[in-house]
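# Understanding the architecture of this molecule
If you want the building blocks of each chain, they are given just below.
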Amino acid sequence: MIRFRLKKNSRVDRDKLYLVSIDVKNFSNIMPKYFKSINVKKSIGEELFVDEKIYFLGSVLDVKTKHVIIHPRIHEVHILSGLLRGSSFVESYDEASHGSKIVISVSIKFNVVSKLFLPFGFLIKRQMEKVMDEFLDSAEKIIFDSNK
């Protein structure tokens, strides 16, 4: 298993950024490069069970996920199927003096063939940092455009 944390700051309000991050149904609109399709299968309270087609490390993967929303600052994503089953991404959104501080705790579990990626943890972290940067750019644009 590979574990690491990503930390970034954003200039936008924490609550607005958090609302974009939990808008699971619109992930494919927010980041079409990475989220090829999103199909919310079931919603139970603050848990969403989703079929996702995602772009990860050069491949498109079909995964089932569980998104857990813990207002006002936590969004957990648990991968329930596929080569990355057992992986999780826990996002926390905190207020900062000039916007928001975002921390993502990443735990990637490799199953069967995907264990070949284990020695390339630094590449996976770099890719995740790139995705996080692109998400923040997209979210900030959405928020700034809605304020006009």
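Above this text is the structure in question.
Let me begin by describing the structure that accompanies this report.

Basis of the calculations
Residues numbered from 1 in each chain as written. Predicted model: local features only at pLDDT ≥ 70, side-chain atom pairs only at ≥ 80, totals over all residues. Heavy atoms only, no water. Phe/Tyr/Trp six-rings, centres within 6.5 Å; stacked < 30°, edge-to-face > 60°. Helix = DSSP H or I, 4+ residues; strand = E, 2+ residues; numbered from the N terminus. Buried < 20%, exposed > 50% of the residue type's maximum accessible area, 1.4 Å probe, protein only. Lys NZ or Arg CZ within 6 Å of the ring centre and 35° of its normal. Pairing = 2+ DSSP bridges.

### Comments concerning the packing of aromatic side chains
- Inspection of every chain in the model, using the stated rule, returns three aromatic pairs.
- With 6.4 Å between their ring centres and 50° between their planes, Tyr34 and Tyr55 make a pair best called tilted. You can see Tyr34 sitting in the loop between helix H2 (27-30) and strand E2 (35-44) and its partner Tyr55 sitting in strand E3 (residues 47-56), a full 21 residues away along the chain.
- Taking the relative accessible area as the measure of exposure, Tyr55 reaches 32% and is therefore partly exposed.
- Over the ring of Phe49 we find Lys42; its NZ or CZ atom is 5.3 Å from the centre of that ring.

### Focus on the pairing of E3
- Here E3 shows one buried face, formed by Leu48, Val50, Glu52, Ile54 and Phe56, and one open face, formed by Glu47, Phe49, Asp51, Lys53 and Tyr55.
- For E2 and E3, the ladder comprises eight bridges, and the chain directions are antiparallel. Each residue of the ladder has a partner; that of Val40, found in E3, is Val50.
- Where E2 hands over to E3, the hairpin turn is made up of two residues, of which Gly45 adopts a positive phi near 60°.
- Pairing of E3 with strand E4 (residues 59-70) involves 10 bridges; the strand directions are antiparallel. Of the residues in E4, the one forming a bridge with Leu48 is His67.
- Taken together, E3 and the strand that follows it, E4, pair antiparallel across an intervening segment of two residues, in which Leu57 is found at a positive phi of about 50°.

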